[in-house]
Amino acid sequence: GYWADLSKSAAAFSRKQLLQEIQSLYRSTTIAAGNDRSVRMLDRIRYIGADGTTEIDIYQGQTRSNETNVASKAWFQKASNMPEGEIYNAGVIRPELGQKADMLFAAPVYVAGEVKGVAAVNMNWSLAWKLLDQYTFGETGYAYITSSKGLLISHPKYSLTDRVDITASKYGKLADITTAQMLA
């Protein structure tokens, strides 16, 4: 009837408005990163329903139409169970799409005290490296970033996908310093 059609029309309009807002957010997230280079901060923005079905997915500025389900992903489960207003930081993750690592943040979406879904963003992890790679320590030293387990995430020669563990004994003193001082 009339009310069902009106409700359906209002829901479609609201979804379209939400999609436009998310696209606008994506376009507005850039930062200057050395030498006046403008770098996009976010690679992906998603809204995922409470059942884990991806309902809105913007990846590198393009709307993706697939309805993947992420209910089994640890980050989705953790975010779904967080209190209202909290944000889950999944840390640096291996590429879900594309070829580069991202940092994933997710937060539950509450309506009238009930979790209705999860909003998730993938931050461009290479941005952190672009901000750090302009520094030299001493004459030839450079910055690098490890995970909490000692895996290189950002390095001039390696990335997270290379799975280089600098706590391995083959790295000698560096492994000792990493284990005893950086990860302790």
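Remember, it's a predicted structure, so these values are computed and weren't measured experimentally. (Residues numbered from 1 in each chain as written. Predicted model: local features only at pLDDT ≥ 70, side-chain atom pairs only at ≥ 80, totals over all residues. Heavy atoms only, no water.)

**Q** What is the right way to look at the pattern of salt bridges in this model?
**A** Inspection of every chain in the model, using the stated rule, returns three salt bridges. Between Arg44 and Asp57 there is a salt bridge whose closest N-O contact spans 2.7 Å. With Arg44 in strand β3 (residues 42-49) and Asp57 in strand β4 (residues 54-59), the pair connects residues that are 13 residues apart, well separated along the chain. Residues Arg44 and Asp57 agree in their burial class; the two are buried. Ionic pairing is found between Glu114 and Lys116, a salt bridge with its closest N-O pair at 3.6 Å. Within the structure, one salt-bridge network assembled from shared partners comprises Arg44, Asp57 and Arg64. (Salt bridge = Lys/Arg side-chain N within 4 Å of Asp/Glu carboxyl O. Helix = DSSP H or I, 4+ residues; strand = E, 2+ residues; numbered from the N terminus. Buried < 20%, exposed > 50% of the residue type's maximum accessible area, 1.4 Å probe, protein only.)

**Q** How should I be thinking about the sheet that holds strand β8 (residues 114-124) in this particular structure?
**A** Strands pair in a sheet through their backbones, by hydrogen bonds, and they do so in one of two ways: parallel or antiparallel. Within the open sheet, the six strands sit side by side as β5-β4-β3-β8-β7-β6. Their pairing is antiparallel. The sheet terminates laterally at β5 (62-63) and β6 (88-93), the two strands that pair on one side only. Here strand β7 (residues 102-111) runs beside β8; their pairing, made up of 10 bridges, is antiparallel. Its bridge partner lying in β8, Tyr110 is registered against Val115. (Pairing = 2+ DSSP bridges.)

**Q** Please clarify how the pairing of β4 should be interpreted in this entry.
**A** Successive side chains on a regular strand alternate, one facing one side of the sheet and the next facing the other. Taking burial as the measure, the six residues of β4 include five buried ones, the bulk of the element. As paired strands, β3 and β4 are joined by five bridges and run antiparallel to one another. Its bridge partner being in β4, Ile48 is matched across the sheet by Thr54. Where β3 folds back onto β4 in an antiparallel hairpin, the turn is made up of four residues, including Gly52, whose phi is positive at roughly 95 degrees. Where β4 meets β5, two bridges bridge the pair, whose relative direction is antiparallel. Directly across from Tyr59, in β5, lies its bridge partner Gln62. The antiparallel pairing of β4 with β5 creates a hairpin that spans two residues between the two strands, and Gln60 there sits at a positive phi of about 50 degrees.

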